Amino acid sequence: MSFQTCVQSAPWLLLVRKVLRSSCRAEGAVSWLLKSGNQGAVVKTGACRCDAPGAWKNSEQPLCDLKFIPETEQGTKVSAQGGGEALHQLYYDPNIENKNLAQKWLMQAQVSPQAWHFSWLLLNMDKVPEIQYFGASALHIKISRYWNDIPADQYESLKSQLFTQITRFASGSKIVLTRLCVALASLALSMMPEAWPCAVADMVRMFQAEDSNVDGRARCLALLELLTVLPEEFQTSRLPQYRKGQVRSVLAQECGSVFPLLEQLLQQQGSPGFIKQKVLKCFSSWVQLEIPLMDCENLIQAAFTSLQDPELFDTAVEAVVNAISQPDAQRYVNTLLKLIPPVLGLQEQLRQAVQSGDMETSHGICRIAVALGENHSRALLDQVEHWQSFLALVNMIMFCTGIPGHYPVNETTSSLTLTFWYTLQDDILSFEPDKQAVYQQVYRPVYFQLVDVLLHKAQFPSDEEYGFWSSDEKEQFRIYRVDISDTLMYVYEMLGAELLSSLYDKLGRLLTNTEQPSTWQHTEALLYGFQSIAETIDVNYSDVVPGLIGLIPRISISNVQLADTVMFTIGALSEWLADHPVMINNVLPLVLQALGNPELSISSVSTLKKICRECKYDLPPYAANIVAVSQEVLMKQIHKTSQCMWLMQALGFLLSALQVEEILKNLHSLITPYIQQLEKLADETPNPSNKLAIIHILGLLSNLFTTLDISHHDDDHESTEVKKLPVQQGPNPVVVVLQQVFQLIQKVLSKWLNDAQVVESVCAIFEKSVKTLLDDFAPMVPQLCEMLGQMYSTIPQASAIDLTRQALKRKPDLFLCSNLDVKAVFQCGVLSLKFPEAPTVKASCGFFLRPSQKPKPGSREGKRAVLGPPVHWGILRTQVRRGSCCPEPALALTGLDCVLQTELLPRCGEVASVAQVVHENGKVLLQAVLEGIGGQASRSLMDHFAEILFALNKHCFSYLSIWIKEAMQQDGFPSARVSPEQKETFSQQILSRERVNKRRVKEMVKEFTLLCRGLHGTEYTADY
């Protein structure tokens, strides 16, 4: 079959000739000679030249019969036979190690110099497609990544050879054909515009040769494939930025060689469907090159026509969407206006698709409408004289938003439209006030309609139908409702308080209309709308919230989903309740009642927590009831572990507002059963079942102590009620409880020291207590240091190290405790500087530098600070270095580096023990820093090392001048690449007057580390 036969008429050849004459502007392009042959066509166009295969030929020399050998001492042995064997091994060998070995060899082979030789041989027609594909891929990699290896005088022969191979595979394997087209596309991108100025025109000419022995339809498809992959290859090419701009400009001009051809193929009667499909894909690829929208107008109209053909529908949708979505398209307003009628013309097809349940068609049409509206709403809004046509487009998108059925079971279209409503609202509100008022008058009714549509779409299906949904469908529906919630919250900005009033009126009519009882789904959706807005918008001044609070008790809750939404709505109004405490009693009984329902676990517990946090100063009258109900559900183990923890946090907030005597009384009744249970567990032999029980009890205590704060450190309230609260007298209840249970916790710890989860749970109690108590934690400091010493001496759990970090951060005077071995902590920090992990080194630098609250110099505790051995840090240091005490020593050290997030070095002049440690061991610290600078650490860490040098300079200058001189006298230290003179220069710079300039110190360190690594002055580090 000839090429003309495939398109049914002679105009194909005339069209090609016309296109070529009009598109190629290269100097000397006088005539086009159309020839063909088995070796490819010869095109003479003056400057545009494509010769037949010449110097670039398939090598006919025999290959040595090598077996697949991955590597030898001489490197990778690459041959066609070896490649074939490796591919067979990759595809068919069941041994995963052999597959990995083959893949590694093949990857090396593709980039080897021999690839230029064996890739052509692998393309022989007697090879299987897998081998041919590898050969084509190797050619593409060599051309795209190693273009500079190709001599300029070989460009034409390589080009001609690729044309020949594509012609051969036009009727062969499609995956191989595509890969060869990608290779030729890469070649064209590298050659244009200088070496191949009329690349696209030449491609068209080569493939239309009448006397080729390849089927015309096959050549047509091969040309379309080549034209399709050319823009795609450009998008992913590794061309330099300046070259990309040049090539993009050339390709944009070359569309004049492509688009008329595509139009002809689409418009001709009788063109096969698969040809039209390839044409649409080709157009879709080209429009992403930011072709002016007006140049695409004819093809876009042809694509709209193709939407009526079911076989072409998906491809046509993609083409139209890509064309409309161009960032530059908004400049062509007239063309955009011309596109609105054909989009509106799809409404009948959309309605028929919805009625017949054709989700694919409705989805595609919706994509087109949303692409036009979302990408160009501002440009179309500006066309005031065409406001009615744009409003019609908005209403079409509204139809898509409210498409019948439940997402995602019956439809998947409505979710596509939500972003459009954000965009349209932003564009309307961005106008100046006068113009904005006009648009608000037009579009506020639209947005009220949108609210009704969204609330309808958010409704749950019937209980029976919902029961048949899969867990994945239920999760998708949950996410969809969250998206609707976000949209409603955003719409509030345009509609304001009138939106809440509308929702309240509808809910009131729904609950008071006894003649026409509504479904629970309708009630739930309206409440969900309230919840969506109240969660993020300040509704404290809304006049409808009191009425809503009054309506909630009237809701007949007969469904879990409705009950959940009622709970979440109450939780969203917790801040309003704090300002209107008289209304708390209207909803609190509902929440306490829901606590006993395990199906409402998350919603009821989270709502109670919000109420206790926001309204705690108004809850004392209800405290006894709340504690009693909570204690009952905790003992019955109704809720999962996470909800139990939330509930204890809620009780912590609640108790914080009571008097100390009341707190202690409630704590006694609340935690005594758990303490008794923990005592029994402490006497038992460790096993998995009692481990879980221990972790659960410790978790309850730590979450209670997280929020039980009688000092109100975390209180954000500014109200007069809070300010007038009396200062609590007497011991802190948390400290009282901790002191009472400390021996029990130590007993538990002694049996579970080797278990990371139990140790983590123990540490969590004290870590959260330290965060809450701050100065009130002081009585616990000696006991905490004793416990930490016990932990570190056994095994350095990361959680224990993190506890120390938090304790020192919140309680800096922990430095002054007699039970803390400052020297050992210092040496562990130095050891961590040498660790290869960047986070470890950064944290270790924080160990020495991070600022925090300074202790009072000369305090009584400061005089007591000693360098004794009680914590056994020396044992820890030895064990960590050997890696014998912890299955993950890196993890231990990473945590250890974070131990002192306080300024250690600045304390030299304040705390005698710290000064003694730094003065005696500072040289070790300096050597570790210099080793990192010398090449032992990543260059990204140099700023951190510079910070330490800066701090040593500032606080230990006299010692530093001695230490750095001694360190630099060592041969080959910190690197063998630096000379004694360079080391001396660096030392003098560090100790010079510029040492007080942190930026300059960082620059000195960066320059010296490049010298140490042999990288100074190289292009590799030009941007460093």
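From a predicted model like this one, the values you see are computed outputs, not experimental measurements. (Residues numbered from 1 in each chain as written. Predicted model: local features only at pLDDT ≥ 70, side-chain atom pairs only at ≥ 80, totals over all residues. Heavy atoms only, no water.)

K.L.:
Account for the overall build of the protein chain, with residues named and values stated.
P.N.:
Each helix and strand counted, the protein chain has 48 helices and two strands in total. Considering the protein chain as a whole, with its 1024 residues, one finds that 54% of them fall into the buried category. Long-range contacts, defined here as pairs at least 24 residues apart, represent 75% of the contacts in the protein chain between residues at least 6 apart. A total of about 44800 Å² of accessible surface is found on the protein chain, and carbon and sulfur atoms cover 50% of it. (Helix = DSSP H or I, 4+ residues; strand = E, 2+ residues; numbered from the N terminus. Buried < 20%, exposed > 50% of the residue type's maximum accessible area, 1.4 Å probe, protein only. Contact = heavy atoms within 4.5 Å. Areas by Shrake-Rupley, 256 points an atom, 1.4 Å probe, with all protein chains shown as cover.)

K.L.:
Can you explain the nonpolar core? Please cite residues and give values.
P.N.:
Core analysis: the largest hydrophobic core is formed by 251 residues, its most contacted members being Trp286, Tyr443 and Phe766. Per element, the largest residue contribution to this core is 12 residues, and it comes from helix H8 (residues 174-191). Once you skip the residues sitting within four places of it in the chain, Trp286 turns out to touch Val200, Leu227, Leu230, Pro231, Leu251, Glu254, Cys255, Val258, Phe259 and Ile291. Counting residues in each nonpolar core, the second largest holds 36 residues, with Leu941, Ala946, Leu949 and Val978 among its members. (Core = buried A, V, L, I, M, F, W, Y, C linked by side-chain atoms within 4.5 Å.)

K.L.:
Pulling in residues and values, what's your account of the pattern of salt bridges?
P.N.:
Pairing of side chains with opposite charge becomes possible as their charged atoms draw close. Applying the stated criterion across every chain yields a total of 22 salt bridges. Close ionic contact of Arg331 with Asp328 constitutes a salt bridge, the shortest N to O distance being 3.4 Å. Each of Glu994, Arg999, Arg1000 and Glu1003 takes part in one network of salt bridges that share partners. (Salt bridge = Lys/Arg side-chain N within 4 Å of Asp/Glu carboxyl O.)

K.L.:
Now, about helix H30 (residues 623-635): what can you tell me, with residues and values included?
P.N.:
The terminal C-alpha atoms of H30 lie 18 Å apart, and with 13 residues this matches the ideal 18 Å at 1.5 Å per residue to within 8%. Within the span of H30, buried status applies to Ala623, Ile626, Val627, Val629, Ser630, Gln631, Val633 and Leu634. On its buried face, H30 sits against helix H28 (584-594), helix H29 (601-614), helix H31 (641-656) and helix H32 (660-683). (Expected span 1.5 Å × (residues − 1).)

K.L.:
Which residues make up the packing of H31 against H32, and what values go with them?
P.N.:
It is the contact of H31 with H32, at a shortest axis distance of 10 Å, that shows an interaxial angle of 160 degrees. The orientation of H31 with respect to H32, classified from their angle, is roughly antiparallel. Remark: the crossing between H31 and H32 carries right-handed chirality. Mapping the contact onto sequence places Met648, Leu651 and Leu655 in H31 and Ile663, Asn666, Leu667 and Leu670 in H32. Broken down by class, the residue content of the contact of H31 with H32 amounts to six nonpolar, one polar and no charged. (Axes fitted to C-alpha atoms, helices over the stretch in contact; angles between N-to-C directions. Parallel < 35°, antiparallel > 145°, perpendicular 65-115°, else oblique. Left-handed = near helix turned anticlockwise from the far one by under 90°. Nonpolar A, V, L, I, M, F, W, Y, C, P; charged D, E, K, R; others polar.)

K.L.:
Now, about the state of the cysteines: what can you tell me, with residues and values included?
P.N.:
Inspection of the entire model under this criterion finds zero disulfides. Here Cys255 is not disulfide-linked; the sulfur of Cys296 is the nearest cysteine sulfur, at 7.1 Å. Note on Cys255: relative accessible area 7%, which makes it buried. (Disulfide = S-S within 2.5 Å.)

K.L.:
How would you explain the packing of aromatic side chains if you had to name every residue and give the values?
P.N.:
For the structure shown, the criterion picks out 19 aromatic pairs. Between Phe986 and Phe1008, the ring centres sit 4.0 Å apart and the planes meet at 5 degrees, which makes this aromatic pair stacked. Here Phe986, found in helix H47 (residues 980-991), pairs with Phe1008, found in helix H48 (residues 998-1013); they are 22 residues apart in sequence, far enough to count as distant. Members of the aromatic cluster, connected to one another through ring pairs, are Phe460, Tyr466, Trp469, Phe477 and Trp520. For Arg351, the ring lying beneath its charged end belongs to Phe399, and the centroid distance is 5.8 Å. In this structure, Arg481 is placed above the aromatic ring of Tyr528, and the distance from its NZ or CZ to the ring centre is 4.0 Å. (Phe/Tyr/Trp six-rings, centres within 6.5 Å; stacked < 30°, edge-to-face > 60°. Lys NZ or Arg CZ within 6 Å of the ring centre and 35° of its normal.)

K.L.:
Help me get a handle on unusual backbone geometry, residues and values and all.
P.N.:
Between Met192 and Pro193 the backbone carries a cis peptide bond, its omega angle lying at 0 degrees. Tracing the chain through its elements places Pro193 in the loop between H8 and helix H9 (199-207). The linkage connecting Phe973 with the following residue, Pro974, adopts the cis geometry, with an omega of 0 degrees. Along the chain, the position of Pro974 falls in the loop between helix H46 (957-968) and H47. Even without glycine at this site, Glu290 takes up a positive phi of about 65 degrees. Of note, Glu290 is situated in the loop between helix H12 (273-286) and helix H13 (297-306). Judged by its relative accessible area of 40%, Glu290 falls in the partly exposed class. You will see that Gln637, though not glycine, has its phi angle at about 55 degrees, which is positive. Mapped onto the fold, Gln637 is located in the loop between H30 and H31. Accessibility expressed as a relative area gives 63% for Gln637, which makes it exposed.

K.L.:
Explain the side chain of Lys278 to me, and be specific about the residues and the numbers.
P.N.:
With respect to the helices, strands and loops of the structure, Lys278 is situated in helix H12. Ignoring anything within four residues of it in the chain, the contact list for Lys278 reads Leu221, Leu224, Glu225 and Thr228.

K.L.:
Explain the packing of helix H33 (residues 688-707) against helix H36 (residues 756-773) to me, using residue names and the numbers behind them.
P.N.:
Close contact between H33 and H36 brings their axes to 8 Å; oriented N to C, the two are set at 10 degrees. In terms of axis orientation, H33 runs roughly parallel to H36. Only Gln757, Val758, Ser761, Val762, Ala764, Ile765, Lys768, Ser769 and Thr772 of H36 make contact with H33, whose side of the interface consists of Lys691, Ile694, Ile695, Leu698, Leu701, Ser702, Asn703, Phe705 and Thr706. Considered class by class, the residues forming the contact of H33 with H36 number nine nonpolar, seven polar and two charged.

K.L.:
Go over the environment of Leu224 with me, naming the residues and quoting the values.
P.N.:
In this fold, Leu224 is placed in helix H10 (residues 216-236). A relative accessible area of 1% places Leu224 in the buried class. Between the C-alpha atoms of Leu224 and Cys282, which are 58 residues apart in sequence, the distance is 6.5 Å. Leu224 has contacts with Leu262, Leu265, Ile275, Lys278, Val279 and Cys282, leaving out every residue within four places of it along the chain.

K.L.:
Go over the confidence of the model for the protein chain with me, naming the residues and quoting the values.
P.N.:
Summarising the model, the protein chain shows a mean pLDDT of 80, and 77% of its residues fall at 70 or more. Across residues 1-77, where pLDDT falls below 50, the model places 171 contacts with residues more than four positions away in sequence or in other chains. (pLDDT = per-residue confidence, 0-100.)

K.L.:
Help me get a handle on the side chain of Ser485, residues and values and all.
P.N.:
Its location among the elements puts Ser485 in helix H22 (residues 471-495). Excluding residues that lie within four positions of it along the chain, Ser485 makes contacts with Tyr528 and Ser532.

K.L.:
Help me get a handle on the environment of Val128, residues and values and all.
P.N.:
Mapped onto the elements of the fold, Val128 is located in the loop between helix H5 (115-122) and helix H6 (129-145). Of the residues examined, Val128 reaches a relative accessible area of 43% and is grouped as partly exposed. Residues Val128 and Ser173, 45 residues apart in the sequence, show an inter-C-alpha distance of 9.4 Å.

K.L.:
Describe the environment of Leu455, with residues and values.
P.N.:
Locating Leu455 in the fold gives a position in helix H20 (residues 433-457). Leu455 gets classed as buried once you look at its relative accessible area, which sits at 6%. Each C-alpha atom of the pair Leu455 and Arg481 lies 9.2 Å from the other, and the pair is 26 residues apart in sequence. Beyond its immediate chain neighbours, meaning those up to four positions away, Leu455 contacts Leu488, Leu503, Ala525, Leu526 and Gly529.

K.L.:
Could you give an account of H36, naming the residues involved and the relevant values?
P.N.:
Here H36 spans 25 Å end to end across 18 residues, near enough to the 26 Å set by a 1.5 Å rise per residue. With 13 of its 18 residues buried, H36 lies for the most part within the structure. The opening residue of H36 is Asp755, an N-cap whose side-chain oxygen sits 3.0 Å from the backbone nitrogen of Gln757. Downstream of H36 by a residue or two, Leu774 has a phi angle that is positive, lying close to 55 degrees. (Polar contact = N/O pair within 3.5 Å; in protein donor to acceptor, adjacent residues only side chain to side chain.)

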